[in-house]
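Chain residues, written in single-letter form:
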Amino acid sequence: MDLGAYFARIGYSGPRAPDLATLTALTTRHVASVPFDNLDVQLGRPVTIGLDAAFAKLVGARRGGWCFEQNGLFGCALGELGFSVRRIAAGVMRAERGDAALGNHLALIVTLEGADWLVDVGFGGSQARPIPLAEGEHPHSPYRIRLVRLGNGYWRLSEWTDPAKPFSFDFAGTPADEALLAAKCEALQVSAESPFVQNLVVQQRHGDTHLSLRGRVLVEKSAAYETRRLIESADDLVETIATRFGMDVPEVAGLWERVRERHEALFPSQGA
């Protein structure tokens, strides 16, 4: 892996020692520089869990991506620096969907001086830094994050800005079943029930502010305020992704009619 090119992509020029300070700094820079997005899924372009493809896209083309790409790339970079990293297969909303959800999310555990840290740059930018693998609650403004032990070797990470609306994933600490991850990566691109097939999503953290585009709705959220606006046209969609998320993807203009129709179906009272 070309670490120099990766560091240039995320704007990192700090120390390279495999310690907590470096891990924290790299995590913070990655989530601030590389958006989470499912644009390729929406555009019908195949996405794999392969490192070469992720590097070409996220670094070479200065694009964003989803968990399989982002945590895959980040884990490889950490390994090159000498960190002890293991990939784990998590289940987003396993609390509701059961074990069928397992493998729909790739996260990382990094071991430093005998202690494990949960690292995740591919969950939409909510996690700003490593989290010790121990029960507790952590402020990652505007989010709060909680880790609890479930039993049977599983943990649950929950995140929220509104305590009544937590979003979670479950994971065990064991190394990922790579065949399961590959199968889930494929299924999430083609299944009609996949949220990534149903909805356009782009998200990114900017310091203590989180920016999220879901379909037509652009939300900017901090601990002090929240703003919302509707995307108005195909040109507006392209410009918003370029100016707010730093990605030049003019092809998304072709998604506009589908995005607009999906919004009308979900929020009929808001009109067109």
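Notes on the structure in this doc start here. Predicted, not measured: the structure shown is a model, and the values here were computed from it.

**Focus on the overall build of the protein**
- The secondary structure content of the protein amounts to ten helices and 13 strands.
- Burial analysis of the protein (272 residues in total) assigns 49% to the buried set.
- Within the protein, residue pairs in contact and separated by at least 24 positions form 55% of the contacts whose partners lie at least 6 positions apart.
- As displayed, the protein offers around 11,900 Å² of accessible surface, 53% of which is attributable to carbon and sulfur atoms.

**Brief notes about unusual backbone geometry**
- The residue after Ser141, namely Pro142, is reached through a cis peptide bond having omega 10°.
- Secondary-structure assignment places Pro142 in the loop between β6 (136-140) and β7 (143-151).
- With a phi angle near 55°, Arg62 is a residue other than glycine that sits in the positive phi range.
- Mapped onto the elements of the fold, Arg62 is located in the loop between α4 (51-60) and α5 (67-80).

**A few points about the pairing of strand β9 (residues 167-172)**
- A large share of β9 lies buried, amounting to five of its six residues.
- Adjacent in sequence and paired antiparallel, strand β8 (residues 154-160) and β9 are bridged by six residues.

**Some remarks on the sheet that holds strand β2 (residues 84-92)**
- The eight strands lie next to each other as β5-β4-β3-β2-β9-β8-β7-β6, forming an open sheet whose pairing is antiparallel. In this open sheet, the two strands that pair with only one neighbour each are β5 (131-132) and β6.
- In this structure, strand β4 (residues 115-119) lies alongside β5, joined through two bridges in antiparallel fashion. Each bridged residue has a counterpart across the sheet, and for Leu118 the counterpart in β5 is Ile131.

Definitions and limits used
- Residues numbered from 1 in each chain as written.
- Predicted model: local features only at pLDDT ≥ 70, side-chain atom pairs only at ≥ 80, totals over all residues.
- Heavy atoms only, no water.
- Helix = DSSP H or I, 4+ residues; strand = E, 2+ residues; numbered from the N terminus.
- Buried < 20%, exposed > 50% of the residue type's maximum accessible area, 1.4 Å probe, protein only.
- Contact = heavy atoms within 4.5 Å.
- Areas by Shrake-Rupley, 256 points an atom, 1.4 Å probe, with all protein chains shown as cover.
- Pairing = 2+ DSSP bridges.

Keep in mind these values describe shape, not function.
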